[in-house]
Amino acid sequence: MIIHEHFSLKNYNTFGIDATARFFVEVTSIEELQDILGNKNYDRKIIIGGGSNILLSDYIEALFIHVDLKGKKIISESNETVEVQVMAGENWHDMVMWTLDQNFGGLENMSLIPGNTGTAPIQNIGAYGVELKDCFVSCEAVSIENQELVTLNKEDCKFGYRDSFFKNEGKDKYVITSVTFSFSKKDHKINSGYGAIEQQLEKDSISDPSIKDISNAVISIRQSKLPDPKVLGNSGSFFKNPIVEKEIFEEFILNNSEAPFYKVSDEYYKIPAGWLIEQCGFKGKRFGDAGVHKNQALVLVNYDNATGKDILNLAAKIIDAVKTKFNIEISPEVNLIK
């Protein structure tokens, strides 16, 4: 392992923020990870993967550990299902494409989500009616405190909407090294209930979609709405879609009958944050080098040389505006590192 000093993180975060780490190291094995986590010479250690769900401040006094563990292997298999262990450093979308090449079903609705596999359970990532927890079996992780390798099952991970054990009581306590999934091999469950997918399938003249068709539809939708981080810095959806209680929802929909929404349960409703932000007039607006994407108000972008503070200030303006107009709190999906 080589430990770099005063290292630019511009290529390690999809926002393209030119932040500087005091120290930086890349690990390619669990043993290297355990070794550097046990190194007492660095007081503060920060783990990064694909850099798709972080917002960095300008200079960070810490050792950044980039987890670059690679590999996929089949753990068990039957006629109907297969369990696959995927190492944390595998690119998420490339891994999803690999599952489709094998005709393994379950992740197709989450095609083209940026980032690496190891950070996916932290967020319980999801898209178009499907979440990571739906295919999740377990994950292996190294304890930051004692460097032991442990296994956490689905119950241990306490998954919620864009939430997990790793964002709450397990925060900053573990580094995920691999994730094990269960996929269908036949009789795949097709999730096409979201309107945008149905519209895309109709546009493509597909009435009986395969898992590959669902993936292609999702990719087309995402590419039409979301900017490529390699071209325009962003972290995908910056805000979570708020889930509100029935009483708040009923007041909201009474005044905004045209608003889209999704019923989560008899007591809770989800309202698209992108719609709320667009109604506040932010879609396509630019504030210096920070802005809101022209095609998707949920996405904040770095037009050129925006700092983490620039993006954060814009997010605060949006949160205040939505609260003032709709009395609904929206909150970021991304993690602020300073």
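Each remark here, short or long, concerns the structure printed above.
The following paragraphs examine the structure supplied in this document. (Residues numbered from 1 in each chain as written. Predicted model: local features only at pLDDT ≥ 70, side-chain atom pairs only at ≥ 80, totals over all residues. Heavy atoms only, no water.)

### Here's the deal with the layout of surface pockets
Volume-wise, the second largest pocket comes out at about 850 Å³. What lines the second largest pocket is a set of 33 residues, among which T14, P114, D228, P229 and K230 lie closest to the centre. At the level of secondary structure, the elements contributing two or more residues to the lining of the second largest pocket comprise α2 (92-101), α6 (211-225) and β13 (233-234). (1 Å grid on protein atoms, 1.4 Å probe; cavity = no way out; pocket = protein on both sides within 12 Å on 5 of 7 lines; lining within 4 Å. Points joined across faces, edges and corners; volume = space filled by probe spheres on them. Helix = DSSP H or I, 4+ residues; strand = E, 2+ residues; numbered from the N terminus.)

### Brief notes about the packing of α2 against α6
At a minimum axis separation of 10 Å, α2 and α6 run at an interaxial angle of 155°. Taken together, the axis directions place α2 and α6 in an arrangement best described as roughly antiparallel. At the point where α2 passes α6, the crossing takes the left-handed sense. Counted together, H93, M97 and L100 of α2 and I211, K212, S215 and I219 of α6 form the full contact between these two elements. Classifying every residue of the contact of α2 with α6 by side-chain character gives four nonpolar, two polar and one charged. (Axes fitted to C-alpha atoms, helices over the stretch in contact; angles between N-to-C directions. Parallel < 35°, antiparallel > 145°, perpendicular 65-115°, else oblique. Left-handed = near helix turned anticlockwise from the far one by under 90°. Contact = heavy atoms within 4.5 Å. Nonpolar A, V, L, I, M, F, W, Y, C, P; charged D, E, K, R; others polar.)

### What about the nonpolar core?
In this structure, F64, F239, L300 and I318 are the most contacted members of the largest nonpolar core, which totals 45 residues. Elements with a minimum of two residues in this core: β2 (20-27), β3 (45-48), β4 (54-56), β5 (59-67), α7 (246-255), α8 (273-279), β18 (290-292) and α9 (308-326). The element best represented in this core is α9, accounting for seven residues. If sequence neighbours within four positions are ignored, L300 has contacts with F15, G233, N234, S235, F238, F239, G291, V292, I311, L314, A315 and I318. In terms of nonpolar packing, the next biggest core, distinct from the first, is built from 39 residues, W92, M97, F166 and V179 among them. (Core = buried A, V, L, I, M, F, W, Y, C linked by side-chain atoms within 4.5 Å. Buried < 20%, exposed > 50% of the residue type's maximum accessible area, 1.4 Å probe, protein only.)

### Thoughts on α6
Spanning 15 residues, α6 covers 21 Å between terminal C-alpha atoms, matching the ideal 21 Å at 1.5 Å per step. Among the residues of α6, I211, I214, S215, A217, V218, I219, I221 and R222 are the ones counted as buried. Where α6 is buried, its residues meet α2, β8 (126-127) and α5 (195-203). (Expected span 1.5 Å × (residues − 1).)

### What about the sheet that holds strand β14 (residues 243-245)?
The strand order across the open sheet built from three strands is β14-β16-β15, with neighbouring strands paired in antiparallel fashion. Every other strand in the sheet has two partners, leaving β14 and β15 (262-263) as the edge strands with one partner each. Sheet strands in contact with α7 are β14 and β16 (268-270), and its direction is about 100° off that of β14. (Pairing = 2+ DSSP bridges.)

### Brief notes about the packing of α5 against α6
It is the contact of α5 with α6, at a shortest axis distance of 9 Å, that shows an interaxial angle of 105°. Between α5 and α6, the angle is such that the two are roughly perpendicular. Together, A196, I197, Q200 and L201 of α5 and D213, I214, A217, V218, S220 and I221 of α6 make up the contact between the two elements. Across the contact of α5 with α6, the residue classes break down as seven nonpolar, two polar and one charged.

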